[in-house]
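Each chain is listed here by its residues.
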Number of protein chains: 2
Amino acid sequence: MSLLVQKYGGTSVGTVERIEAVADRVAATQQAGNDVVVVVSAMSGETNRLLGLATELSDRPSTREMDVLLSTGEQVTIALLSIALHKRGVPAISFTGSQVRILTDESHSKARIEHIDCERINGELSQGRVVVVAGFQGADEKGNITTLGRGGSDTTAVALAAALRADECQIYTDVDGVYTTDPRICEGARRLEKITFEEMLELASQGSKVLQIRSVEFAGKYNVPLRVLSSFKDGPGTLITLDQEEDMERAIVSGIAFTRDEAKVVVRGVPDQPGVAARVLVPVSEANIEVDVIVQNSGVDNTTDLTFTVSRGDLARTLEVLGGVVERLGAKQVETDDRIAKVSIVGVGMRSHAGVAAKMFSALAHDNINIELITTSEIKTSVVIEERYMELAVRALHSAFELSGSKE
Amino acid sequence: MSLLVQKYGGTSVGTVERIEAVADRVAATQQAGNDVVVVVSAMSGETNRLLGLATELSDRPSTREMDVLLSTGEQVTIALLSIALHKRGVPAISFTGSQVRILTDESHSKARIEHIDCERINGELSQGRVVVVAGFQGADEKGNITTLGRGGSDTTAVALAAALRADECQIYTDVDGVYTTDPRICEGARRLEKITFEEMLELASQGSKVLQIRSVEFAGKYNVPLRVLSSFKDGPGTLITLDQEEDMERAIVSGIAFTRDEAKVVVRGVPDQPGVAARVLVPVSEANIEVDVIVQNSGVDNTTDLTFTVSRGDLARTLEVLGGVVERLGAKQVETDDRIAKVSIVGVGMRSHAGVAAKMFSALAHDNINIELITTSEIKTSVVIEERYMELAVRALHSAFELSGSKE
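Residues numbered from 1 in each chain as written. Chains lettered and ligands numbered in written order. Predicted model: local features only at pLDDT ≥ 70, side-chain atom pairs only at ≥ 80, totals over all residues. Heavy atoms only, no water.

Novice: I would appreciate a short explanation of helix H3 (residues 63-87) of chain A in the present structure.
Specialist: Between its terminal C-alpha atoms H3(A) stretches 37 Å, which fits the 36 Å expected from 25 residues at 1.5 Å a residue. Backbone geometry just after H3(A) places Gly89(A) at a positive phi near 75°. (Helix = DSSP H or I, 4+ residues; strand = E, 2+ residues; numbered from the N terminus. Expected span 1.5 Å × (residues − 1).)

Novice: For this particular structure, what's the right way to read the UniProt feature "binding site: substrate" (unreviewed entry) in chain A?
Specialist: Residues and elements named next belong to chain A. Summarizing the sequence annotation, UniProt attributes the feature "binding site: substrate" (unreviewed entry) to Thr47 and Glu74 in the numbering used throughout. Taking the farthest pair of C-alpha atoms as the criterion, the annotated set spanning 28 residues converges on one region, since that pair is 9.2 Å apart. In this fold, Thr47 is placed in helix H2 (residues 46-57). Take Thr47: its relative accessible area is 27%, and that puts it in the partly exposed class. Excluding its chain neighbours within four sequence positions, the residues that come into contact with Glu74 are Val40, Ser41, Ala42, Ala134, Gly135, Phe136 and Gln137. (UniProt positions renumbered as here; feature names shortened; annotations may be inferred. Buried < 20%, exposed > 50% of the residue type's maximum accessible area, 1.4 Å probe, protein only. Contact = heavy atoms within 4.5 Å.)

Novice: Teacher, can you tell me more about the pairing of strand E14 (residues 262-271) of chain A here?
Specialist: Each regular strand carries side chains that alternate between the two faces of the sheet. Residues and elements named next belong to chain A. Burial analysis of E14 places nine of its 10 residues in the buried class, which makes it a mostly covered element. Pairing of E14 with strand E16 (residues 303-311), which is carried by eight bridges, proceeds in the antiparallel orientation. In the strand pairing of E16, Pro271 is matched with Thr303. Sheet topology places E14 next to strand E17 (residues 333-337); five bridges connect them, and they run antiparallel. Paired with Val267 across the strands is Val334, a residue of E17. (Pairing = 2+ DSSP bridges.)

Novice: Explain the sheet that holds strand E19 (residues 371-377) of chain A to me, please; I cannot follow it from the model alone.
Specialist: Each strand in a sheet pairs with its neighbour through backbone hydrogen bonds, running either in the same direction (parallel) or in the opposite one (antiparallel). All names here are of chain A. One open sheet accounts for four strands, arranged E13-E18-E20-E19; its pairing is antiparallel. One side of each edge strand has no neighbouring strand; the edge strands of this open sheet are strand E13 (255-259) and E19. Looking at each pair of strands side by side, their axes are set apart by 20° on average, direction ignored. Where E13 and strand E18 (residues 340-346) come together, five bridges link them in antiparallel fashion. (Axes fitted to C-alpha atoms, helices over the stretch in contact; angles between N-to-C directions.)

Novice: Is there a simple way to explain the relation of the copies chain A and chain B in this structure?
Specialist: Taken together, a rotation about one axis and a shift along it account for how the two chain copies relate. The operation relating chain A to chain B is a screw motion whose rotation component is 180°, with 0.1 Å of axial translation and a residual RMSD of 0.1 Å. Here the transformation between the copies is reduced to the relation of a two-fold axis. Closest approach to the rotation axis among the C-alpha atoms of chain A is made by Thr72(A), whose C-alpha sits 2.6 Å away. (Least-squares fit on C-alpha atoms with pLDDT ≥ 70 in both.)

Novice: I'm lost on the environment of Ile379(A) in this one. Help?
Specialist: Note that Ile379(A) resides in the loop between E19 and strand E20 (380-386). Once residues lying within four places of it in the same chain are set aside, the contact partners of Ile379(A) are Glu198(A), Glu199(A), Glu202(A), Ile345(A), Val346(A), Gly347(A), Val348(A), Met350(A) and Arg351(A).

Novice: I'm lost on the nonpolar core in this one. Help?
Specialist: In this structure, Val37(A), Cys169(A) and Leu226(A) are the most contacted members of the largest nonpolar core, which totals 42 residues. Sorting elements by how many residues they give to this core places helix H5 (residues 152-163) of chain A first, with six residues. (Core = buried A, V, L, I, M, F, W, Y, C linked by side-chain atoms within 4.5 Å.)

Novice: Can you help me understand the interface of chain A and chain B in this one?
Specialist: Interfaces are often described in size by the accessible area the parts lose on coming together. Of the residues lining the interface, 44 residues belong to chain A; the matching set on chain B comes to 44 residues. Considering only the surface of chain A that becomes buried against chain B, Leu57(A), Glu65(A) and Ile83(A) emerge as the three largest contributors, covering 21% of it. One can count four salt bridges joining chain A with chain B. Tallying contributions element by element places H3(A) first for the side of chain A that touches chain B, with 17 residues. (Buried area = accessible area lost by both parts, 1.4 Å probe. Salt bridge = Lys/Arg side-chain N within 4 Å of Asp/Glu carboxyl O.)

Novice: In this structure, what is going on with the packing of H3(A) against helix H2 (residues 46-57) of chain B? I would like to understand it.
Specialist: In helix packing, the relevant descriptors are the interaxial angle and the interaxial distance, both defined with respect to the helix axes. One way to put it is that H3(A) packs onto H2(B) with a least axis distance of 9 Å and a crossing angle of 25°. One finds that H3(A) runs roughly parallel with respect to H2(B). Like other packed secondary-structure pairs, H3(A) and H2(B) cross with a definite hand, here right-handed. Listed contacts from H2(B) to Val76(A), Leu80(A), Ile83(A), Ala84(A) and Lys87(A) of H3(A) are Leu50(B), Leu53(B), Ala54(B) and Leu57(B). Looking at the contact of H3(A) with H2(B), its residues break down into eight nonpolar, no polar and one charged. (Parallel < 35°, antiparallel > 145°, perpendicular 65-115°, else oblique. Left-handed = near helix turned anticlockwise from the far one by under 90°. Nonpolar A, V, L, I, M, F, W, Y, C, P; charged D, E, K, R; others polar.)

Novice: Help me understand the UniProt feature "binding site: ATP" (unreviewed entry) in chain A, please; the structure alone is not making it clear to me.
Specialist: All names here are of chain A. The UniProt record marks Lys7, Tyr8, Gly9, Gly10, Thr173, Asp174, Tyr179, Arg184, Lys209 and Val210 with the feature "binding site: ATP" (unreviewed entry), using the residue numbering of this structure. With a sequence span of 204 residues, these residues are also far apart in the fold, their greatest C-alpha distance being 25.5 Å. Mapped onto the elements of the fold, Tyr179 is located in the loop between strand E9 (168-173) and strand E10 (194-196). In this structure Tyr179 comes out as partly exposed when scored by relative accessible area, which is 25%. Setting aside anything within four residues of it in sequence, one finds Tyr179 in contact with Ala189, Arg190, Arg191 and Leu192. In this structure the side chain of Tyr179 is engaged in a polar contact, spanning 3.0 Å, whose partner is the side chain of Asp176. Apart from the residues within four sequence positions on either side, Val210 is in contact with Thr173, Val175, Gly177, Val178, Met200 and Val228. (Polar contact = N/O pair within 3.5 Å; in protein donor to acceptor, adjacent residues only side chain to side chain.)

Novice: Any chance you could explain unusual backbone geometry here in plain terms?
Specialist: Outside of glycine, negative phi angles account for most residues, and trans bonds account for most peptide bonds. All names here are of chain B. Positive phi, normally seen in glycine, also occurs at Phe136, with a value near 75°. Within the secondary structure layout, Phe136 lies in the loop between strand E6 (130-134) and strand E7 (137-139). A positive phi angle is found at Asn223, which is not glycine, with a value near 50°. Relative to the elements of secondary structure, Asn223 occurs in the loop between helix H7 (213-221) and strand E11 (226-230).

Novice: Any chance you could explain the packing of aromatic side chains here in plain terms?
Specialist: The geometry of an aromatic ring pair comes down to the distance between the two centres and the angle between the two planes. By the definition in use, this model includes four aromatic pairs over all chains. Aromatic side chains Phe218(A) and Tyr222(A) sit 5.3 Å apart centroid to centroid with 45° between the ring planes, which places their arrangement in the tilted category. Ring centres 4.6 Å apart and planes at 15° place the aromatic pair Tyr8(B) and Tyr172(B) in the stacked group. In this pair, Tyr8(B) sits in strand E1 (residues 3-8) while Tyr172(B) sits in strand E9 (residues 168-173), placing the two residues 164 residues apart along the sequence. Across the pair, exposure class does not vary: Tyr8(B) and Tyr172(B) are buried alike. The ring of Phe95(B) has Arg64(A) sitting right over it, with the charged end atom 5.4 Å from the ring centre. (Phe/Tyr/Trp six-rings, centres within 6.5 Å; stacked < 30°, edge-to-face > 60°. Lys NZ or Arg CZ within 6 Å of the ring centre and 35° of its normal.)

Novice: Would you mind going over the packing of helix H1 (residues 16-31) of chain A against H2(B) with me for this structure?
Specialist: Where H1(A) meets H2(B), the closest approach of the two axes is 10 Å, and the angle between their N-to-C directions is 45°. As summarised for this structure, H1(A) and H2(B) are arranged oblique, according to the angle between their axes. Crossing of H1(A) against H2(B): the hand is right-handed. Contacts between H1(A) and H2(B) involve Val16(A), Glu17(A), Ile19(A) and Glu20(A) on the former and, on the latter, Leu53(B), Glu56(B) and Leu57(B). By residue class, the composition of the contact of H1(A) with H2(B) is four nonpolar, no polar and three charged.

Novice: What is the right way to read the sheet that holds strand E20 (residues 380-386) of chain B from this model?
Specialist: Residue and element names in this part refer to chain B. With respect to topology, four strands assemble into an open sheet ordered E13-E18-E20-E19, the strand pairing being antiparallel. On the outer flanks of this sheet lie strand E13 (255-259) and strand E19 (371-377), each paired with one strand and no other. The sheet shows a mean angle of 20° between the axes of neighbouring strands, taken without regard to direction. Here E19 pairs with E20 via six bridges, running antiparallel.

Quick look at the structure:
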């Protein structure tokens, strides 16, 4: 008998019919002999409805009261799912975040879980009940309701799985697993059976939106086996675990991620002296603008070019911030390009295999795709290219690293 | 400086605009130098929306989960009202029933309040905050969410006022006070400045729907001055207190209540022996049918007629239940009439004044209205008459007891 934590997101519980389908799935899981804890989000659309009401009243509503407001969304779902389970003869009991003492810090709207008291949940499980817990929410030490911010229900599920030492944390979504790349762009894209936490993190941070980064980090930290599955069709999904067994046959690259949501900023002719990168980038981050890729070439004539990327939406503000800085530094000029894309190959196999990056560059060169920027990490290599070549690059790399089900 | 508890029902907070109006009123109350605790219901329509979702999933949803579900309605309102108060520069903080430890028994959907921990509320009040509390809900000793059943928000307000020793509990509704009778039926109907708890109870139980009986009982028990006011227009409303000061000028009768929701059942020719009334009525109440008026005349020939009234909706079931009983008793026959109405005069003055009932009967006789049944209590006399005479009877009595503002 296993203890499973299953998480169903807003789309999976978006209508009464879908809640019925979730209840069927949970009932089957329990009848197969498992203990089940279910974590649910608000019905899709509900959070926006509540936000709309608050926004009509104030353009800057207090975060404490927003947490009180938004946490009702999941509370509705836990009650409805429990009712649907009872109807199927499955004993079930619902709990809000504060009822099972998901203790968080006091950072309303982006609280972090500090402790979970498992006693009540274990007591109910031992009586054969399915325990249905509201995702996304907890309470601080004073009993104030808190929410965990974006992707919070995934975090709740992983935290519960860790605290309860569950055998698996199953995240039900609208896709049936993690793919080698986006099937909409590359026909040969293939569902991965297994992937490591690190790879999943890199894929997520590079634009693959299947799971929230924070919940993957959390699962990795506490070694909770995580499985991504579809609410809408049966299948084994993708298992995310701490480490791949030694598997000589396994691919060097697990997946290809991409994003076109970035813009490039090049500051030309910066004096090549210590502290210059900081003088350019500190004001940018102080303006709450997230910088992604940063590249500094060694220069000539005691000057250098500093290049970095930001979200496209932040480009205008970035230029405002840079205005004064560049002048004070005596830089030559600032160039921007918002028609770029970033493509990354990700895989733990890159650690032990030389020449992976070179193979990537060759594949792109073969299709005449010019590389503008390169950054690398231990298990990832990213390139920034012209946006119009993005799909071509993804397909070329997918083929070069033999990621399709059948060899090409 | 006074401590006021204000309660706003579902209609008063039914839209964002109405919540703004409530916030204005609360802000003004605080700025006038009062400490304010506000109790709110779910926005009108919300409870029915949630009930609809549950009913789609199950025809007999668990009461525990229904309480989890329905309690979100008030939780939404407390957050929105607090946000609206902040927008007006009024410091405010919201609490659910379980957050301020409104401890109830375990009777889901009709829980009774056992204790309120005032520490947290007093702490917030002493810091100058308006405290906004979710009505209708509490939590049992294990932390399960409970609801108080119909009229529960009124009960929450009165219980809080009692626990906090508030100077007044103000119930905002869609009427501007308690009237001598329904103004839709009697033009001369007049708002009462003051009324006693007992009178209010009798009026409420006789069909005047301004306040829920339970909250009036509660207010009377703990001597919490209760005021009924309108959310939509200014005015002093009606104050309900423990006892009227000795006021020689005051009217003997305070108000006239009526209901047409009843049906009469006459069991004829019942053997006149001990235990017969019980043998007829116990099976009826065991079938969960509430019996209102009960009259047994002294009979002739060792038989008697037993007459009682039930809700019209329960008449068919009552006859089913009576079927066997009547046969076993050897009663002659059962007659029914569902075109009746009950009209009552209510007033504490009836205690000390003789001849009040006689005056009532004379007034009805003057208009040729036949009285079918009579029951009396210390501060109330009720008659059952043909339904078609109801309006006429109400107007005749209103005039006879000089209840209009200007003498008629």
